[in-house]
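Single-letter residue listing:
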Amino acid sequence: MRLILLGPPGAGKGTQAKRLMEAHGIPQLSTGDMLRAAVKAETEIGLKAKDIMNRGDLVPDEVVVGIVEERIEEPDCKNGFILDGFPRTVAQAEALERVLERHGMDLDAVLQLEVDENALAARVEQRVAESGDAVREDDTVEALKKRLVVYREQTAPLVDHYRETGHLVTIDGMKPIDEVEAAISEALSSAKDSRIRAAG
Ligand SMILES: Nc1ncnc2c1ncn2[C@@H]1O[C@H](COP(=O)(O)OP(=O)(O)O)[C@@H](O)[C@H]1O
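Residues numbered from 1 in each chain as written. Predicted model: local features only at pLDDT ≥ 70, side-chain atom pairs only at ≥ 80, totals over all residues. Heavy atoms only, no water.

Going by the annotation in an unreviewed UniProt entry, the name recorded for the protein is Adenylate kinase, with Acuticoccus sediminis given as the source organism. Its UniProt record gives the protein a comment under Sequence similarities (unreviewed entry), which states: "Belongs to the adenylate kinase family." What UniProt states about the protein under its Catalytic activity (unreviewed entry) heading is, verbatim, "AMP + ATP = 2 ADP". (UniProt positions renumbered as here; feature names shortened; annotations may be inferred.)

Turning our eyes to something else, we now look at the UniProt feature "binding site: ATP" (unreviewed entry) in the protein. Sequence positions flagged by UniProt for "binding site: ATP" (unreviewed entry) are, in local numbering, G10, A11, G12, K13, G14, T15, R127 and K175. In this fold, A11 is placed in the loop between β1 (2–6) and α1 (13–24). Once you skip the residues sitting within four places of it in the chain, A11 turns out to touch L113, V115, L120, R123 and G173. Residue placement: G14 occurs in helix α1. (Helix = DSSP H or I, 4+ residues; strand = E, 2+ residues; numbered from the N terminus. Contact = heavy atoms within 4.5 Å.)

Looking at where A183 falls in the secondary structure, it is placed in helix α9 (residues 177–199). Look at A183 and you get partly exposed, because its relative accessible area is 32%. Residues A183 and A109, spaced 74 residues apart in sequence, show a C-alpha to C-alpha distance of 14 Å. (Buried < 20%, exposed > 50% of the residue type's maximum accessible area, 1.4 Å probe, protein only.)

In this section: helix α6 (residues 117–131). Along its 15 residues, α6 runs 21 Å from first to last C-alpha, staying within 8% of the 21 Å computed at 1.5 Å per residue. Buried residues of α6: L120, V124 and S131, and no others. Buried residues in α6, looked at end-on, bunch into an arc of 35°, giving them a common side. Turned more than 90 degrees from where α6 packs its buried face, N118, A129 and E130 sit exposed. In this structure, the buried side of α6 is in contact with α7 (141–155). (Expected span 1.5 Å × (residues − 1). Arc of directions from axis to C-beta.)

In the vicinity of the ligand, 19 residues are found, and the nearest of them are T31, R36, D57, Q92 and R147. Measuring from a nitrogen atom of the ligand, one finds a backbone N or O atom of V59 at 3.0 Å. G85 is positioned with one of its backbone polar atoms (N or O) 3.0 Å from a nitrogen atom of the ligand. Calculation on the ligand without its partners gives an accessible area of 550 Å², and the protein chains cover 96% of this total. Looking at the shell around the ligand element by element, the count peaks at four residues for helix α2 (residues 31–40). The class makeup of the residues in the shell around the ligand is seven nonpolar, four polar and eight charged. (Near = heavy atom within 4 Å. Polar contact = N/O pair within 3.5 Å; in protein donor to acceptor, adjacent residues only side chain to side chain. Areas by Shrake-Rupley, 256 points an atom, 1.4 Å probe, with all protein chains shown as cover. Nonpolar A, V, L, I, M, F, W, Y, C, P; charged D, E, K, R; others polar.)

Closest axis-to-axis distance for the α6/α7 pair is 11 Å, and the angle between their directions is 145°. Every pair of crossing elements has a handedness; the one defined by α6 and α7 is right-handed. Where α6 abuts α7, its residues E117, L120, V124, R127 and V128 lie against L144, R147, L148 and R152. Residues of the contact of α6 with α7, tallied by class, amount to five nonpolar, no polar and four charged. (Axes fitted to C-alpha atoms, helices over the stretch in contact; angles between N-to-C directions. Left-handed = near helix turned anticlockwise from the far one by under 90°.)

As structure tokens, this is what we get:
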């Protein structure tokens, strides 16, 4: 199963990705985590990405598309994967479509976690407060605000994009974590049923 988790910072993508990973035995591919690892290892990509990430801006499309393509070629992605934090622009979505096509893969669903903007600010502020010393370098109030603006301007258009491609599944992300998980699992099984019906 190949899934995309879509939603603003603080929507709970990482939390649900981990649960999906356990439920389906497929890896979570978080471009944020991969880029943070590159920054830490001071690779060429990491050196380029560091300041961009700390500002809350987006790393260039070709950089993230490159790391995602390399990652999905790994053997653990054979049965599928969960993309978390990618694609973040329409150009990335189009590049992903080409990459998947080249590898003979297709998408099963794009899970949009829909959340209330006011609640988001509170969640991310809490994350900043709780993270204490282990704070992520881009978890400053300023960078978070910037990430929300970037989301609205560059990533939110993906909702329409994936509605048009027929992959969009909208989930209420304001519910408690277990209920969001249950809603996702239900949506995935009915998506599967309708695919089986369409094929049969
Ligand atoms: N697909 C992507 N395209 C461009 N930049 C990305 C992408 N994924 C992650 N990044 C960079 O990494 C930062 C952190 O990403 P992530 O951990 O997914 O953030 P969040 O916690 O806001 O969901 C982003 O602000 C951006 O600079």
